[in-house]
Amino acid sequence: MEHVCHFCVRRPDMRQRTFYEDEHWFACLAAPPNLRGHAILAAKSFGECPRTLTAGILGGIHTALAEVARVLTVHYRPKHVLFASLRVKDPHIHLHMFPVTNEQEEEWRKRKGAGYDSGRFLEFLGDQERDSTSAHRFERERNGWTDEHERLAYADALSSEVAALTKIAKTKG
Ligand SMILES: [Zn+2]
């Protein structure tokens, strides 16, 4: 079966989670999120799925990335805005963005213990992903949800956050 690119299709629940959009890029909250405020900034597709890191496809990313980082900063008051792009499962050009608060960082460093007093944020993201994957698996089993049920439930649960982010995005920084 051919892989359906959900960033190209942009199903209604993804549109519902979208809080930023310009000519070339859009940003939505992830469903389910790995941590509060986990956002995805994706290239828009014009006819075909944008999968190569060409200057054309990356056009305008500086504006979109700066703007989404501003929106996340205003809303979540993080200490850091981390971002990462791996694109192994979904080759469509996209970045994951994570506003990380001081409390989240401190709690994690305390849990990890010796040797974790600074840096190591790739591990931080890995730990968040692993913890959230198991928590969400448990939640799906408990509720009898399919992946689609889960996305729809998160689109509803995140609607007030999306509304607040959209409002900030419309107020130009
Ligand atoms: Zn695509």
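Residues numbered from 1 in each chain as written. Predicted model: local features only at pLDDT ≥ 70, side-chain atom pairs only at ≥ 80, totals over all residues.

Peer 1: Tell me about the overall build of the protein chain, residues and numbers included.
Peer 2: Per the secondary structure count, the protein chain includes seven helices and five strands. N-terminal to C-terminal, the α/β element order of the protein chain is α-α-β-β-β-α-β-β-α-α-α-α. Against the compact-globule benchmark of 16 Å for 173 residues, the protein chain has a radius of gyration of 16 Å, which places it among compact chains. Projecting the C-alpha coordinates of the protein chain onto the three principal axes gives extents of approximately 50 × 40 × 30 Å. By residue count, 22% of the 173 residues in the protein chain fall in the buried class. Long-range pairs, those at least 24 residues apart, make up 61% of the contacts in the protein chain with a sequence separation of at least 6. (Helix = DSSP H or I, 4+ residues; strand = E, 2+ residues; numbered from the N terminus. Rg over C-alpha atoms; globule rule 2.2 N^0.38 Å. Buried ≥ 20, exposed ≤ 12 C-beta atoms within 10 Å, placed from the backbone. Contact = placed C-beta atoms within 7 Å.)

Peer 1: How would you summarise the environment of D131 if you had to cite specific residues and measurements?
Peer 2: Mapped onto the fold, D131 is located in helix α5 (residues 121–143). By the C-beta count within 10 Å, which is 12 here, D131 ends up exposed. Considered as a pair, D131 and P33 are 98 residues apart in the sequence and their alpha carbons are 11 Å apart.

Peer 1: Describe the sheet that holds strand β5 (residues 94–100), with residues and values.
Peer 2: With antiparallel pairing, the five strands of this open sheet are ordered in space as β1-β2-β3-β5-β4. At either margin of the open sheet sits one strand with a lone partner, and together these are β1 (18–21) and β4 (80–84). Averaged over all pairs of adjacent strands, the angle between strand axes in this sheet comes to 20 degrees, irrespective of strand direction. Here helix α3 (residues 61–76) sits on the sheet and contacts β1, β2 (25–29), β3 (39–43), β4 and β5; the angle it forms with β5, its principal contact strand, is near 25 degrees. Seen against the sheet, helix α7 (residues 159–170) touches β1 and β2 and runs at an angle of roughly 20 degrees to β1. (Pairing = 2+ DSSP bridges. Axes fitted to C-alpha atoms, helices over the stretch in contact; angles between N-to-C directions.)

Peer 1: Please give an account of helix α4 (residues 102–112) that cites residues and values.
Peer 2: Judged by how many residues are buried, α4 sits mostly at the surface: zero of eleven residues are covered. Once α4 finishes, G113 follows within two positions and takes phi at roughly 85 degrees, a positive value.

Peer 1: Requested: an account of the environment of P12, with residues and values cited.
Peer 2: Relative to the helices and strands, P12 resides in helix α2 (residues 12–16). Accessibility expressed as a C-beta count within 10 Å gives 9 for P12, which makes it exposed. For the pair formed by P12 and A155, sequence separation is 143 residues and the distance between their alpha carbons is 9.3 Å.

Peer 1: Outline the pairing of β5, listing residues and values.
Peer 2: With six of its seven residues buried, β5 lies for the most part within the structure. Relative to β5, β3 runs antiparallel, the two being bridged by four bridges. Paired with A42 across the two strands is H94, which belongs to β5.

Peer 1: An account of unusual backbone geometry is requested, with residue identities and associated values reported.
Peer 2: The omega angle of the peptide bond from A31 to P32 is -5 degrees, so this bond is cis rather than trans. In this fold, P32 is placed in the loop between β2 and β3. Look at R120: it is not a glycine, yet its phi comes out positive at around 65 degrees. Mapped onto the elements, R120 comes out in the loop between α4 and α5.

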